[in-house]
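# Descriptive analysis of the structure
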Amino acid sequence: MGIVGLPNVGKSTLFNALSANNAEAANYAFCTIDPNVGVVPVPDPRFDALVELFEPDKVVPATVDFVDIAGLVRGASKGEGRGNAFLSHIREVDAIAHVVRCFEDSGIVHVDNRVDPQADIETIETELILRDLETVQKRLERAKKAAKGADPIEKKAIGLCERLAAALDQGTSARSVEPGDDDEATVLRDLFLLTSKPMFFIANVKEHQIASANDDALVLQVIDAAKERNVPAVAISAAIEAEIMQLDHEERGEFLESLGLPEPGLHRVIRTGYEILDLITFFTAGPPEVHAWTIRRGTLAPQAAGKIHTDFERGFIRAETIRSGDLIELGSEAAVKAAGKMSTAGKQYAVQDGDVMHFRFNV
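These notes cover the structure that comes with them. It should be emphasised that the depicted structure is a prediction, and the values quoted were computed from it without experimental measurement. (Residues numbered from 1 in each chain as written. Predicted model: local features only at pLDDT ≥ 70, side-chain atom pairs only at ≥ 80, totals over all residues. Heavy atoms only, no water.)

## A few points about the overall build of the chain
- Helix and strand counts for the chain stand at 15 helices and twelve strands.
- Every one of the 363 residues in the chain was classed for burial, and the buried ones make up 48%.
- Of the contacts formed within the chain by residues at least 6 apart in sequence, a portion of 68% connects residues at least 24 apart.
- Of the roughly 17,500 Å² of accessible surface on the chain, 49% is carried by carbon and sulfur atoms. (Helix = DSSP H or I, 4+ residues; strand = E, 2+ residues; numbered from the N terminus. Buried < 20%, exposed > 50% of the residue type's maximum accessible area, 1.4 Å probe, protein only. Contact = heavy atoms within 4.5 Å. Areas by Shrake-Rupley, 256 points an atom, 1.4 Å probe, with all protein chains shown as cover.)

Here it is as structure tokens:
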């Protein structure tokens, strides 16, 4: 998950809070040049309950990697402000968390000397679209040359690239263009377009705004932009989140309560990132280890087994599955079996979010 936005909107502060690392966060543009990467556990009460139930020797939560990418500026697609390097960093991530400044602060300079969330969003999107348009036009030229040899894939590439170019030229993201078939889908995937990636907005506010953030005039600009693009939006205070991460676990609850927050805003950021990547979690659980495994939604049982070990997939026989809620409620595998709530799954079973799996295999 790449964290993007203009300089000085709170990206590195958010990253520090997410990763509990100390990425450089300073009040000048381009203080973050090389991207920092933080491996962030996915908050999951089911995982916590399974750990409490089994008291295992080892725990392994699900994680998402967050990448702190330096601030983009107008003209980045043409190389302004180290734009080429920053855009290449975005190309390498699976999805985008776009941080938008929704607070006034005379002590923190805005790259355009004004706070205007809608304009900031458009600045970033324009640079991503311009870079994508350049990529698509180059691919279109290549396809037209190759299509002279009657290559059927290249002929399809022409049609797809022409539709992409038309959309991008109108200021619309590549997400709006659906591939017509599997061949077009392959061409689209291989383009690695920046605006085809899943994304969501993070509206960054000050402490005094957080309790009523969803009614704040600046945040509403971000919420409206998210609705127009059919993507999620999350309002948080990156500075407050960084403070929360400095507290002991016991103190965090009291601090959150004083702010009127049910949980850290970071939890919503992490879960939103997990959801837009269309990821789910299954568990293996017992006294030696409770482990949360990340898979794509729709993954079949043998491929889920392969996440643990390739032999599990190669020699897959069946899987015994329990819903994590049933195991937590009934307290043991034996009690779940006695209640008739354990099922056997074959090779065509699509693993469900929250399944506790026991794989049988033979190689």
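Further notes follow.
## What to know about the packing of aromatic side chains
- As enumerated under the stated definition, the model contains four aromatic pairs in all.
- In textbook terms, an aromatic cluster arises when at least three aromatic residues are bridged by ring pairs, as seen for F282, W293, F316 and F359. (Phe/Tyr/Trp six-rings, centres within 6.5 Å; stacked < 30°, edge-to-face > 60°.)

## Section: the nonpolar core
- Formed by 72 residues in total, the largest nonpolar core has its most connected members in M1, L14, L18, F66 and F201.
- At six residues, the largest contribution of residues to this core is made by helix α8 (residues 217–229).
- In contact with L18, not counting residues within four places along its chain, are I3, V40, F66, L266, V269 and I270.
- Listed in part, the 20 residues of the second largest apolar core include A147, A174, V177 and L193. (Core = buried A, V, L, I, M, F, W, Y, C linked by side-chain atoms within 4.5 Å.)

## With respect to the sheet that holds strand β1 (residues 2–4)
- Here six strands make up an open sheet; going across it, the order is β2-β4-β1-β5-β6-β7 and the pairing mixed. The outermost strands of the open sheet, each flanked by one partner alone, are β2 (36–41) and β7 (233–236). For this sheet the average axis-to-axis angle between neighbouring strands, irrespective of direction, equals 25 degrees.
- The pairing of β1 with strand β5 (residues 96–101) spans three bridges and is parallel. In the sheet register, I3 faces β5, and the bridge partner there is A97.
- Along the sheet, α8 makes contact with β5, β6 (199–204) and β7, crossing β6 at roughly 175 degrees. (Pairing = 2+ DSSP bridges. Axes fitted to C-alpha atoms, helices over the stretch in contact; angles between N-to-C directions.)

## Points about the side chain of D216
- By the secondary structure assignment, D216 is in the loop between α7 (207–210) and α8.
- One buried charge, D216, has no salt-bridge partner; the nearest side chain with opposite charge is R101, at 11 Å.
- Among the polar contacts listed, one links the side chain of D216 to the backbone nitrogen of L218, at a separation of 2.9 Å. (Lys, Arg positive; Asp, Glu negative; His and termini not counted. Salt bridge = Lys/Arg side-chain N within 4 Å of Asp/Glu carboxyl O. Polar contact = N/O pair within 3.5 Å; in protein donor to acceptor, adjacent residues only side chain to side chain.)

## Here's the deal with helix α9 (residues 238–246)
- Every buried residue of α9 is accounted for by A238, I240, E241, A242 and I244.
- In this structure, the buried side of α9 is in contact with α1 (11–19), β6, α7, β7, α10 (249–259) and α11 (265–276).

## So, the packing of helix α5 (residues 152–169) against helix α6 (residues 182–191)
- Direction vectors running N to C along α5 and α6 enclose 65 degrees, while the axes themselves pass 9 Å from each other. Of the two elements, α5 crosses α6, and the hand of that crossing is right-handed. Across the interface between the two elements, I153, K156, A157, L160, R163 and L164 of α5 pack against D183, E184, V187, L188 and L191 of α6.
- Residue composition of the contact of α5 with α6, by class: seven nonpolar, no polar and four charged. (Left-handed = near helix turned anticlockwise from the far one by under 90°. Nonpolar A, V, L, I, M, F, W, Y, C, P; charged D, E, K, R; others polar.)

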